[in-house]
Amino acid sequence: MPRRKAIEAAVQILQREGVRHAFGVPGAAINPFYAALRERGAIAHILARHVEGASHMAEGYTRARAGNIGVCVGTSGPAGTDMITGLYSAAADSIPILCITGQAPTARLHKEDFQAVDIAAIAKPVAKLATTVLEPAQVPGAFQQAFHLMRSGRPGPVLIDLPFDVQMAEIDFDIDAYEPLPVHKPAATRAQVDKALDMLEAAERPLLVAGGGIINADAADLLVEFAELLDVPVIPTLMGWGAIPDDHRLMAGMAGLQTAQRYGNANLLASDLVLGIGNRWANRHTGGLEVYRRGRRFVHVDIEPTQIGRVFPPDLGIVSDAGLALQRFVDVARERREAGRLADRSGWVEECAERKRTMLRRTHFDDIPVKPQRVYEEMNRAFGRDTRYVSTIGLSQIAGGQFLHVYRPRHWVNAGQAGPLGWTLPAALGVCVADPEATVVALSGDYDFQFLIEELAVGAQFNLPYIHVLVNNSYLGLIRQAQQAFDMDYCVQLSFDNVNSPEVGGYGVDHVKVAEGLGCKALRVRTPGEILPALEEAKKLMAEFRVPVVVEIILERVTNISMGTDIDSIVEFEELATRGEDAPTAISALNLKEMQFLD
Ligand SMILES: Cc1ncc(C[n+]2csc(CCOP(=O)(O)OP(=O)(O)O)c2C)c(N)n1
Ligand SMILES: [Mg+2]
């Protein structure tokens, strides 16, 4: 049996399990890992500027491509604690990432050694497995188990913590005798699918709610096929956005309290049965359950048994991987269609489509300073179907959810449940590493952008070009809006007079200077007419310099974005669209233009 350091075996296993990139920050306690990485030379390392950044890069990397597992690496002590937010974000959205940390030597763990902290205990609630490996010979098994767990059932992150001496110890290990463990995924049975389809057929106005589990299972094509077979409209969740193209005739909009369209909520409220697949009835999707559930029956398909009934008891629960369930649904629906047993749903589909054409919010404002709605209209003009959007939280992300268009799975990359500020920028870099050919467009408010702004240097150093649309209201906008309920505007201002940059006019941070200082390109825009030319210029700069390009749009300071607490009473703060020109890039308007063009 070949003898090698335990950490060399670990790196061989990473390679065997398909890892080609790692995001990290070195330190003394993890140097053996870096030595093994260097020795083998098969895994490219991207040096983050903050360890939290590395963890979000890993998450963006995983989300960009089916089968990817992002790896983030840090030393002992604060590196692991910095990555806890990344683990939480990944766990909350069911995204596998592998977090590897160095640790103080085993003999000194209990001696309050320099940078010794019980990171496994800290990480446990936000990881499928968090373990400090104390026996060198257990290192291969720990990694084997990690990949098995990350890929099985509900996907999620794992942390492996490796004391210095455990990394360095020699073990017997032969990579040719290593085999990844089989992945466990429950599958819906024929009987379960028959029951669900019977319920669906008995309903008059059924809908599918398509969750992120469909994206994780790489089953968007099956979802669309199933919806088309039955002729049933689809409401994607925020995590499932892109599973059906926005301009598909069965795409009925998103429902929810914030990242939703008016027609999405109206369509959901008009339904009498909802079949949810790979979704988790997130509270920002459902809002108050009384309103959400009233008058309709529910079927819930989820890979994780304990998710069934967690938020409310469905009329039927099925434990299954979304892809395996959809495959069965498609097979059985096809049989039923051939037997002439499927109902004609065209009236209901047309009713939903009519709402999609008419229940629109206005985006076409000419105001200076720019109103945010106009930014998304111009983004719809500038960016095509292949664009991969990345965003986190804030009014910027919420309006993005309301007004942008997504046409493909994994083209809306969003930290849905955790919403950690700062996530957008490093996650976008992770997407760039996973898909270097993609057009990646990140969307941030000014505060999200400032949180991990230093990661721009990573994009410049490693030539990871993308466009970062920065909508600057010089406010913690979402929290300012939420504080209206407290009748206050307290600790939410980001404005100040910048002594070095009077030209930012009291908006505080000079993002253009900071971005340039970090080696990126940046443009600032103040009027609606400048937005589209700036986005076009950004594409050119990105191609020429191969670095991130920031397009900052100076917004009006106070704009309230539509939201509410129940999906039947979302508060609208602006005028609604009453004429086509009020919402010229609404999906129905774009569809219409295409149809006219085809004529
Ligand atoms: C780490 C963290 N702290 C606090 C919050 C709460 N929070 C959500 S949005 C937001 C303000 C975001 O401001 P900005 O990025 O400028 O976006 P805007 O709402 O102004 O568009 C805050 C503080 C959070 N999501 N994450
Ligand atoms: Mg802001």
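Scoring rules and cut-offs
Residues numbered from 1 in each chain as written. Chains lettered and ligands numbered in written order. Predicted model: local features only at pLDDT ≥ 70, side-chain atom pairs only at ≥ 80, totals over all residues. Heavy atoms only, no water. Buried < 20%, exposed > 50% of the residue type's maximum accessible area, 1.4 Å probe, protein only. Helix = DSSP H or I, 4+ residues; strand = E, 2+ residues; numbered from the N terminus. Pairing = 2+ DSSP bridges. Right-handed = clockwise from strand over helix to strand, strands pointing away. Contact = heavy atoms within 4.5 Å. Axes fitted to C-alpha atoms, helices over the stretch in contact; angles between N-to-C directions. Donors = N, O, S within 2.8 Å, 3.2 Å for Na, K, Ca; no water. Near = heavy atom within 4 Å. Polar contact = N/O pair within 3.5 Å; in protein donor to acceptor, adjacent residues only side chain to side chain. Areas by Shrake-Rupley, 256 points an atom, 1.4 Å probe, with all protein chains shown as cover. Nonpolar A, V, L, I, M, F, W, Y, C, P; charged D, E, K, R; others polar. Patch = residues over 30% accessible without salt bridge, like charges linked within 9 Å, V, L, I, M, F, W, Y side chains within 5 Å. Salt bridge = Lys/Arg side-chain N within 4 Å of Asp/Glu carboxyl O.

**Looking at the pairing of strand β7 (residues 158-163)**
For β7, the tally of buried residues reaches six of six residues, placing the bulk of the element in the interior. Here β7 shows no split at all, with V158, I160 and L162 on one side and L159, D161 and P163 on the other all buried. Pairing geometry for strand β5 (residues 97-103) and β7, over six bridges, is parallel. Looking at the pairing, G102 lines up with L162 of β7. Sheet analysis places strand β6 (residues 129-132) next to β7, joined by four bridges and oriented parallel. Note on β7: the bridge partner recorded for T132 is D161. Of the crossover connections in this fold, the one passing from β6 over helix α7 (residues 139-151) to the parallel β7 is right-handed.

**What about the environment of K185?**
On the secondary structure map, K185 appears in the loop between β8 (170-172) and α9 (190-202). The spatial distance from the C-alpha of K185 to the C-alpha of T439 is 33 Å, given a sequence separation of 254 residues. Setting aside residues up to four positions removed in sequence, K185 forms contacts with R151, I303, D321 and L324.

**Here we look at the sheet that holds strand β13 (residues 316-319)**
Pairing is parallel across the open sheet formed by five strands, whose spatial order is β10-β9-β11-β12-β13. In this open sheet, the two strands that pair with only one neighbour each are β10 (234-236) and β13. Going from strand to strand, the sheet's axes swing by 15° on average, the running direction of each strand aside. Judged from the three bridges that link them, strand β9 (residues 206-210) and β10 form a sheet pairing that is parallel. Note that in β10 the partner of L208 across the bridge is V234.

**Observations regarding the environment of P180**
With respect to the helices and strands, P180 occurs in the loop between β8 and α9. Here the alpha-carbon distance between P180 and L316, two residues 136 residues apart in the chain, equals 35 Å. Not counting the four nearest positions on each side in its chain, P180 is found in contact with R16 and E17.

**Some details on the coordination of the magnesium ion (ligand 2)**
Metal coordination angles have textbook ideals: 109.5 degrees for a tetrahedral set of four donors and 90 or 180 degrees for an octahedral set of six. Protein-derived coordination of the magnesium ion (ligand 2) comes from D446 (OD), N473 (OD1) and Y475 (O), at a distance range of 2.1 to 2.2 Å. Written as a sequence motif, the donor arrangement for the magnesium ion (ligand 2) is D-x26-N-x1-Y. Overall, Y475 belongs to the buried group, its relative accessible area being 6%.

**Focus on the site of ligand 1**
Around ligand 1, the surrounding shell holds 17 residues, and the nearest of these are L395, D446, D448, G477 and L478. The backbone of Y475 places a nitrogen or oxygen atom 3.0 Å from an oxygen atom of ligand 1. Within the complex, the protein chains bury 78% of what would otherwise be the 590 Å² of accessible surface of ligand 1. By residue class, the composition of the shell around ligand 1 is nine nonpolar, six polar and two charged.

**Structural notes on a nonpolar patch on the surface**
A cluster of nonpolar side chains, contributed by F486, M488 and Y490, occupies part of the molecular surface with about 370 Å² of accessible area. The residue M488 is located in the loop between α22 (477-482) and α23 (511-517) in this model. For M488, a relative accessible area of 35% translates into the label partly exposed.

**Section: unusual backbone geometry**
Outside of glycine, negative phi angles account for most residues, and trans bonds account for most peptide bonds. A cis amide bond links I368 with the next residue in sequence, P369, at an omega value of -5°. With respect to the element layout, P369 can be found in the loop between α16 (346-358) and α17 (372-382). One non-glycine residue, S94, lies in positive phi territory at about 60°. Considering the arrangement of structural elements, one finds S94 in the loop between α5 (84-92) and β5. Take S94: its relative accessible area is 12%, and that puts it in the buried class. With a phi close to 60°, D218 is a non-glycine residue in the positive phi region.

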